[in-house]
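Descriptive structure summary
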Amino acid sequence: EGETHNGYRVISLGRPYAEIREKFTRLRNELKIPTTGFGDMTPAEVAALTGLSLDEAVLAKQRDYGEPFVFPGATDERMLQAIEASGLRWTQGRLVHLMGNHHKGKAVALLRPLFERARGPVIIVGLGDSLNDLPFLLAVDHPVLVRREDGSLDPRINIPGLYCTQKIGPAGWNEAVLKLLEA
């Protein structure tokens, strides 16, 4: 299943970026909500918003399946409701992300049997730090919630078997992997 691109097998779960971007622009204009997506920003603006280097921001703007965007102030619930009514999904980490009806949890569900067919039973660990990781964390055998840069944990994520790190960011990821290797 899937297509071959540059020697890799690719299974697309999402809607194409052009379609997502068109719907984002249409909803924003219809509702007159001043949201700004990556497609509206220069690489320098993406870098300033995200903390990425300019080269990384150029790459971040090369989207395949979703549009990260921001509101100028508080999140406008009308936009989120319109996204859902249009048949699309949204999720929120540091930015709001507009996407088709796909998520990391669906990818885990698709990839698990492929790995098991090739290698036998697998144990899947999922590490995340925000609400956009919830479907992924629900789909794995060992969900891990990593502390954010400010030391907090996303309070919206509370699932059975969740391991919460004591350390922040990459150090938290390292902590979790070492802990799981001990078991």
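Residues numbered from 1 in each chain as written. Predicted model: local features only at pLDDT ≥ 70, side-chain atom pairs only at ≥ 80, totals over all residues. Heavy atoms only, no water.

**Some points on the overall build of the protein**
From N to C terminus, the protein includes seven helices and nine strands. Seen through its principal axes, the protein has C-alpha atoms that stretch 55 × 40 × 35 Å. For the protein, the proportion of its 183 residues judged to be buried stands at 35%. Long-range contacts, defined here as pairs at least 24 residues apart, represent 44% of the contacts in the protein between residues at least 6 apart. For the protein, the exposed area adds up to about 11,000 Å²; of that, 55% sits on carbon and sulfur atoms. (Helix = DSSP H or I, 4+ residues; strand = E, 2+ residues; numbered from the N terminus. Buried < 20%, exposed > 50% of the residue type's maximum accessible area, 1.4 Å probe, protein only. Contact = heavy atoms within 4.5 Å. Areas by Shrake-Rupley, 256 points an atom, 1.4 Å probe, with all protein chains shown as cover.)

**As for the pattern of salt bridges**
Throughout the structure, instances matching the rule amount to 11 salt bridges. Residue Arg26 is joined to Glu30 by a salt bridge in which the shortest nitrogen-to-oxygen separation is 3.5 Å. Taken as a pair, Arg26 and Glu30 lie in helix H1 (residues 17-31) at a separation of four residues, close to a single helical turn. Within this structure, Arg21, Arg28, Asp40 and Glu67 form a network of salt bridges that share partners. (Salt bridge = Lys/Arg side-chain N within 4 Å of Asp/Glu carboxyl O.)

**Re the packing of H1 against helix H4 (residues 77-85)**
For the pair H1 and H4, interaxial distance at closest approach is 10 Å and the crossing angle is 135°. Taken as axis vectors, H1 and H4 run oblique relative to one another. As for the relative orientation of H1 and H4, their crossing is right-handed in sense. Side by side, H1 and H4 meet where Phe24, Leu27, Arg28 and Leu31 of the first sit next to Arg78, Met79, Ala82 and Ile83 of the second. A class-by-class count of the residues in the contact of H1 with H4 yields six nonpolar, no polar and two charged. (Axes fitted to C-alpha atoms, helices over the stretch in contact; angles between N-to-C directions. Parallel < 35°, antiparallel > 145°, perpendicular 65-115°, else oblique. Left-handed = near helix turned anticlockwise from the far one by under 90°. Nonpolar A, V, L, I, M, F, W, Y, C, P; charged D, E, K, R; others polar.)

**Here's the deal with the nonpolar core**
The nonpolar side chains of a soluble globular protein tend to be buried with one another. Ranked by internal contacts, the top residues of the largest apolar core, which has 13 residues, are Phe69, Phe71, Met79, Ile83 and Leu98. Contributing elements (two or more residues each) for this core: H1, H4 and strand E6 (96-99). Take this core: its biggest share by element is four residues, from H4. For Leu98, the residues in contact, after removing those within four places along its chain, are Ile20, Phe24, Tyr65, Gly66, Glu67, Phe69, Ile83, Leu88 and Arg89. Residues Leu145, Ile157, Ile159 and Leu162 belong to the second largest nonpolar core, which totals nine residues. (Core = buried A, V, L, I, M, F, W, Y, C linked by side-chain atoms within 4.5 Å.)

**Here's the deal with the pairing of strand E7 (residues 125-128)**
Bridging between E7 and strand E8 (residues 142-147) involves four bridges; their strand directions are parallel. Bridged to Val125 within E8 is His142. Between the parallel pair E7 and E8, the chain is carried across by helix H6 (residues 134-139), and the sense of this crossover is right-handed. (Pairing = 2+ DSSP bridges. Right-handed = clockwise from strand over helix to strand, strands pointing away.)

**Some words on the sheet that holds strand E4 (residues 66-70)**
Ordered in space as E3-E4-E6-E5, the four strands form an open sheet in which the pairing is antiparallel. The open sheet has two edge strands with one neighbour each: strand E3 (36-37) and strand E5 (89-92). Running over the sheet, H1 touches E3, E4 and E6 and is turned about 35° from E4.

**Digging into a nonpolar patch on the surface**
Side chains of Leu111, Leu114 and Phe115 sit close together on the surface and give an oily, nonpolar patch of about 260 Å² of accessible area. Position of Phe115 among the secondary structure elements: in helix H5 (residues 104-119). (Patch = residues over 30% accessible without salt bridge, like charges linked within 9 Å, V, L, I, M, F, W, Y side chains within 5 Å.)

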